[in-house]
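The lines below spell out each chain.
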Number of protein chains: 2
Amino acid sequence: MRGGVTDVLVANEVADPKKIDRLARLAKSAHVTVCIDDPAVVATLSEAAVRHGVTLDVLVEIDCGARRCGVLPGAPAVELAKMVAAAPNLAFVGIQAYHGSAQHIYDPAERRAAIDTAIGMARETAVLLREAGLEPKIITGAGTGTHNLEGASGLYNEIQPGSYIFMDADYARVRATEGNGTVGSFEHALFVLTSIMSKPASGRAICDAGLKAHSIDSGLPTVFERPDLKFVSASDEHGKIEDLQDTLKLNDRLSLVPGHCDPTCNLYDWYVCIRNGHVEALWPVTARGKLY
Amino acid sequence: MRGGVTDVLVANEVADPKKIDRLARLAKSAHVTVCIDDPAVVATLSEAAVRHGVTLDVLVEIDCGARRCGVLPGAPAVELAKMVAAAPNLAFVGIQAYHGSAQHIYDPAERRAAIDTAIGMARETAVLLREAGLEPKIITGAGTGTHNLEGASGLYNEIQPGSYIFMDADYARVRATEGNGTVGSFEHALFVLTSIMSKPASGRAICDAGLKAHSIDSGLPTVFERPDLKFVSASDEHGKIEDLQDTLKLNDRLSLVPGHCDPTCNLYDWYVCIRNGHVEALWPVTARGKLY
């Protein structure tokens, strides 16, 4: 793979035969693991792996409460695992039990309850798989919002937090529910630099970072190290900031902590990497727009 | 300008001295009009225009109810217009009275009331400007959601609808409130092509167009020509579709009508232009990411 990564988990289903062909081709130059949740895909995956002379590692994804992708835990997951294990050039390696939406539940007790249910489903499935002679070598899932819960379960042997390296505003809100009132050991590292373009009235400032500069689907951004300021709404090219003490003036610069880092990164071609106030590097966002 | 456009309205404030310098430089090769809402910017605009030997046409933007940018209508707007008119190489050409958020009010009576108020403010300001000897040659504003209201006022001589060429899902919802229950004379022309990547349960299908493929800030997309399907939520790489009749199967293709066209276009490098089922052209999205 570009960039020298030699071990890739595609933590998702790939169903399109053309994409599956590409996936199998990539498996010639890297170790590739992919998820599956539908018996109809087994043959396509297997044929592509045979065609390219590779073995694809396959995780059976279970729906552990998010009601998104995934077969039902228990018997349906075991059935699918059996099909994978029996297919040429596919290796059944385990299960994916990823509960994305649970990570954004702000109430700690509710969040824990959702993950406890997910862990129970994954555990039950693992037991049935072992009884069927299909050892789930990998049990994977979890993310920045709940990795501590899955991690402490003793069941998962791979966790998938990624957003923690940037720590967006929403995960910081989740993290702050854990008692210490801060983002804990994770610090913000992704910022959108913006300028005040209008200071039209007392209490209100307008910045030039709107919907084209950061994603608000998981809530609004915070203004870094400025608890006195509140970002209250975004339109395409405008951000409205409540500035009750009227400290802002035209062309002041602010660093926004995006509400959601993933779709925000997707808006940019480059990261500007800053250390101690100096630009040290420009990193390309190579995966932006790679949706075809 | 690239693409051969020779008359450009920057329907927004430009406050940063570096951006203002660039704006004045562009005015050498195209007719450029820009908005202003702050006396502090007059000198910077004027100096840049003098430096580049150009005249910049300037609109005074009034806050006509959106509480975003804009000076207050009436006397404050007249004061700012006087400053613009007196500044070297700036020409006061009129007012911008654009009420963006009113265009997304679903209730027709409320929408009309908001725009009637905006029109009243613009009219009052125009009267005062004329009394001060400052003819507002241009009175501009309006957009796809309310262009008919501003257009019928007899006051505006320039309207700014743009989204109508694509007609996103939210403007279609607004348009449908006008009585005929359809998007009227405007038809959908912007689509995100997506595939079903998982059909994990009865009533539910998962497509591969999530937050990285379309913007949901103004509501969820609709599925084009499939009123039986309902797009119910998006995550980064997934879209959840309610498919109560279970008509969808793996790898079925759907055309999504994005909830909001502007930030959706901003996600892509190319438009794929299709007529009668054939790709006729690829158009670059040249303005994507031009936020610096």
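This text follows the structure it describes.
Quick caveat, the model's predicted, so the values are computed rather than measured.

### Let's talk about the pattern of salt bridges
One side chain can pair with another of opposite charge once the charged atoms of both are near each other.
Alright, step 1. Following the criterion strictly, the structure yields 36 salt bridges over all chains and no others.
Alright, step 2. B:Glu79 is the partner of B:Lys82 in a salt bridge, and the nearest nitrogen-oxygen pair spans 3.6 Å. Here B:Glu79 and B:Lys82 lie together in helix H3 (residues 75-86), a separation of 3 residues that amounts to about one turn.
Alright, step 3. Taken together, the shared-partner salt bridges connect A:Asp269, A:Arg288, B:Asp269 and B:Arg288 into one network.

### Here's the deal with the side chain of B:Gln103
Residue and element names in this part refer to chain B.
Alright, step 1. Its place among the elements puts Gln-103 in the loop between strand S4 (90-97) and helix H4 (108-131).
Alright, step 2. For Gln-103, a relative accessible area of 1% puts it in the buried group.
Alright, step 3. Here Tyr-98 takes part through its side chain, which lies 3.0 Å from a polar atom of the side chain of Gln-103.
Alright, step 4. Discounting chain neighbours no more than four positions away, the residues touching Gln-103 are Tyr-98, Arg-111, Gly-143, Thr-144, Gly-145, Thr-146, Tyr-171 and Val-174.

### A look at the interface of chain A and chain B
Alright, step 1. In this complex, chain A contributes 46 residues to the contact, which on the side of chain B involves 45 residues.
Alright, step 2. Both faces combined, the contact of chain A with chain B buries some 3800 Å², and carbon together with sulfur accounts for 48% of it.
Alright, step 3. For the chain A face of the interface with chain B, the top three residues by lost area are A:Arg68, A:Lys212 and A:Leu291, together amounting to 15%.
Alright, step 4. A:Asp16 serves as the salt-bridge partner of B:Arg253, at 3.4 Å between the closest nitrogen and oxygen.
Alright, step 5. Joining chain A to chain B, the criterion identifies 32 residue pairs in polar contact (both at pLDDT 80 or more).
Alright, step 6. Elements supplying a minimum of two residues to the side of chain A that touches chain B: strand S1 (7-13), helix H1 (17-26), helix H2 (39-52), strand S7 (192-201), strand S8 (203-207) and helix H7 (261-265) of chain A.
Alright, step 7. The dominant element in the side of chain A that touches chain B, judged by the number of residues it contributes, is S7(A), at 6 residues.

### Some points on the relation of the copies chain A and chain B
Alright, step 1. Placing chain A over chain B gives an RMSD of 0.0 Å and needs a rotation angle of 180°, together with 0.0 Å of translation along the axis. Here the transformation between the copies is reduced to the relation of a two-fold axis.

Definitions and cut-offs
- Residues numbered from 1 in each chain as written.
- Chains lettered and ligands numbered in written order.
- Predicted model: local features only at pLDDT ≥ 70, side-chain atom pairs only at ≥ 80, totals over all residues.
- Heavy atoms only, no water.
- Salt bridge = Lys/Arg side-chain N within 4 Å of Asp/Glu carboxyl O.
- Helix = DSSP H or I, 4+ residues; strand = E, 2+ residues; numbered from the N terminus.
- Buried < 20%, exposed > 50% of the residue type's maximum accessible area, 1.4 Å probe, protein only.
- Polar contact = N/O pair within 3.5 Å; in protein donor to acceptor, adjacent residues only side chain to side chain.
- Contact = heavy atoms within 4.5 Å.
- Buried area = accessible area lost by both parts, 1.4 Å probe.
- Least-squares fit on C-alpha atoms with pLDDT ≥ 70 in both.

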